[in-house]
Amino acid sequence: MTRDFAAEMPAPQDGSASPQGAKALVKSYGCQMNVYDATRMTDLLAKEGYGQAAVEEDADLVVLNTCHIREKAAEKIYSELGKLAVTKRERAQAGRDFKIVVAGCVAQAEGVEVLRRQRAVDLVVGPQSYHRLPELLSQAAQGRQLTDTDFAVEEKFRELPQPSRAQIRARGVSAFVTVQEGCDKFCSFCVVPYTRGAEISRSVEEVLAEARRLVESGVSEITLIGQNVNAYRGEDSGGIIWPLERLFEALSGMEGLHRLRYTTSHPVDMTQGLIDAHGALPKLMPFVHLPVQSGSDRVLKAMNRRHRAQDYLDIVQRLRAARPDIALSSDFIVGFPGETDADFEETLALIREVDFASTFSFKYSPRPGTPGAEREDQIDDEIMRERLAVLQALVESQRQAFNAATVGRTVDVLFEKPGRHEGQIAGKSPYMQAVHVDGPTEMIGGVVPVKIVVAGSNSLGGKISEGEGEDG
């Protein structure tokens, strides 16, 4: 359902949603799902005649594809909208049209509030409705504010245009493919079930067709993404439900596709079949991002995570049994309501036991409408800052140790782009580490054995090796 709000702004002279020569800029914030959605919106607008702008100054339409996971992320959007409103007024004074669209999870959660706080916004569209963007822009061209944040009944992926092979090639050799959206877990700190809806999986044929098109256009690495990607249960043309590991088996047979990854996973959906796939499928990279959030069973229960710390440790043990060289990444929330010093120490203990290759960690941020935000035992911000500093120091030491341990090894590197310096090329190790070497650009798109000779703070340096890599 589209809602129409009166707006005090002039309509464009020609009443068109995509005036001749117009350019659009889609800016994405937050998770990989948003990066994927932003790419699809760019493709959609290109089909409607919009060129692609590199900066706001060159754009006639700006789409902010927003994230609502943390409070600061949402407030950043309102700050950005204030700047865009100034641009809109300046364009109006010069007789030029300038459209502002807010998309994504802030749009879904705060659609009416966005329009109330910033009258310069023309359109608010949720993450399940952006396939209707051209239609909505045509309506907004009449000078009225619109919002479309209902969960669409139709399958949006079938409505979206396919990018051209030239567009795919221009975006590089690595690509995301959304296979699952939404969440049924209802963690007490998270807004995703309210902004993305219930868990749904794309059909097997749709996923394989999109992946095949990417590979035929030069993509070497595909990352399957979803809010709970390992909850994937896609149906094939015969009505058979496929788990994620079966999808990986099918994708592994695609010639020209060198690497497979997936993110983000939930521990309760980490099946033994998926764990075994890491040992059975060489193209499935030995790196898993598996958020745990806390090492305290008491906090995990309050978070409604549906697993205990020991359950998580058991999964880690089984992953390492299936693939001994596997590396782990995770998410941590510090200062969830009611977290004690003892709870925090249990989190540090879990981190020491797992020994992570990388992590993402944040102070708890109460999101309106979630159970965690309604609790009265909120943690003082200073305590959260102190705990976060301790945790981040620990995980950073683990990350640096993991990188340092790579020195002297030969690993396969997928080269993705030219490096920062003349004669360099850059890519990723199997463990998501940035690697740079001196080498020809002809190697971009290929997987090449590299001997790591130095570990910097954020990347590895290596030399092209004549031997074979270690990741198969």
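Structural notes, computed from the coordinates. (Residues numbered from 1 in each chain as written. Predicted model: local features only at pLDDT ≥ 70, side-chain atom pairs only at ≥ 80, totals over all residues. Heavy atoms only, no water.)

Quick word on the sheet that holds strand β8 (residues 174–178)
Part 1: Within the open sheet, the three strands sit side by side as β8-β11-β14. Their pairing is parallel. The two strands at the open ends of the sheet, each matched to only one other strand, are β8 and β14 (259–263). Strand after strand, the sheet turns through a mean of 25 degrees between neighbouring axes, direction not considered.
Part 2: Strand direction decides the pairing type here: β8 and strand β11 (residues 221–225), joined by five bridges, are parallel. Residue pairing in the sheet places Val177 in a bridge with Leu224 of β11.
Part 3: Packing of helix α8 (residues 204–216) onto the sheet brings it into contact with β8 and β11, and relative to β8 it is tilted by some 165 degrees. (Pairing = 2+ DSSP bridges. Helix = DSSP H or I, 4+ residues; strand = E, 2+ residues; numbered from the N terminus. Axes fitted to C-alpha atoms, helices over the stretch in contact; angles between N-to-C directions. Contact = heavy atoms within 4.5 Å.)

Some details on the pairing of β14
Part 1: With five of five residues buried, β14 is to be regarded as a mostly interior element.
Part 2: Alternating positions in β14 separate into two faces, Arg259, Arg261 and Thr263 on one and Leu260 and Tyr262 on the other, with burial throughout. (Buried < 20%, exposed > 50% of the residue type's maximum accessible area, 1.4 Å probe, protein only.)

What to know about the sheet that holds strand β22 (residues 460–464)
Part 1: As summarised here, the arrangement of the five strands in space is β18-β19-β20-β22-β21, forming a closed barrel in which the pairing is mixed. The mean inter-strand angle of the sheet, taken between neighbouring strand axes irrespective of direction, is 55 degrees.
Part 2: Bridge count between strand β21 (residues 447–455) and β22: five bridges; the pairing is antiparallel. Bridge pairing in β22 links Ile452 to Gly462.
Part 3: The sheet strands contacting helix α14 (residues 381–406) are β18 (410–418), β21 and β22, and the helix crosses β21 at an angle near 115 degrees.

Focus on the packing of aromatic side chains
Part 1: Taken as a whole and assessed by the stated rule, the structure comprises five aromatic pairs.
Part 2: On the numbers, 5.7 Å between centres and 80 degrees between planes, the contact of Phe332 with Phe356 is edge-to-face. Of this pair, Phe332 sits in strand β16 (residues 327–334) while Phe356 sits in the loop between α13 (341–354) and β17 (358–363); the two residues are 24 residues apart in sequence, bridging distant segments of the chain. The pair Phe332 / Phe356 is uniform in exposure class, with both members buried.
Part 3: Lying over the aromatic face of Tyr78, Arg117 brings its terminal NZ or CZ to 3.6 Å of the ring centre. (Phe/Tyr/Trp six-rings, centres within 6.5 Å; stacked < 30°, edge-to-face > 60°. Lys NZ or Arg CZ within 6 Å of the ring centre and 35° of its normal.)

Focus: the packing of helix α10 (residues 272–280) against helix α12 (residues 309–322)
Part 1: Their axes nearest at 7 Å, the elements α10 and α12 cross at an angle of 35 degrees. You can see that α10 and α12 cross each other, and the crossing is right-handed. Packed against α10, whose contacting residues are Gln272, Ile275, His278 and Gly279, the element α12 presents Ile315, Arg318, Leu319 and Ala322 at the interface.
Part 2: Grouping the constituent residues of the contact of α10 with α12 by class yields four nonpolar, three polar and one charged. (Left-handed = near helix turned anticlockwise from the far one by under 90°. Nonpolar A, V, L, I, M, F, W, Y, C, P; charged D, E, K, R; others polar.)

Here we look at α8
Part 1: With 13 residues, α8 should reach 18 Å at 1.5 Å per residue; the first-to-last C-alpha distance of 18 Å fits that figure.
Part 2: Within the sequence span of α8, burial applies to Val204, Glu206, Val207, Leu208, Glu210, Ala211, Leu214 and Val215.
Part 3: After α8 finishes, the residue Gly218 shows a positive phi value of roughly 110 degrees. (Expected span 1.5 Å × (residues − 1).)

A look at unusual backbone geometry
Part 1: Cis geometry marks the peptide bond from Thr263 to Thr264; its omega dihedral reads 0 degrees.
Part 2: Locating Thr264 in the fold gives a position in the loop between β14 and α10.
Part 3: At Asn304, a position not held by glycine, the phi torsion is positive, near 60 degrees.
Part 4: If you trace the backbone, Asn304 turns up in the loop between α11 (297–302) and α12.
Part 5: In this model, Asp355 sits at a positive phi of 65 degrees, which is unusual for a non-glycine residue.
Part 6: Considering the arrangement of structural elements, one finds Asp355 in the loop between α13 and β17.
Part 7: By relative accessible area, Asp355 is classed as partly exposed at 44%.

Focus on the nonpolar core
Part 1: Among the nonpolar cores identified, the biggest contains 54 residues, and Ile222, Leu224, Leu247 and Tyr262 are the most heavily contacted of them.
Part 2: Not counting residues up to four positions away in its chain, the partners in contact with Leu224 are Val177, Val179, Val229, Leu244, Leu247, Phe248, Leu251, Arg261, Tyr262 and Thr263.
Part 3: In terms of nonpolar packing, the next biggest core, distinct from the first, is built from 23 residues, Val62, Leu84, Val114 and Ala120 among them. (Core = buried A, V, L, I, M, F, W, Y, C linked by side-chain atoms within 4.5 Å.)

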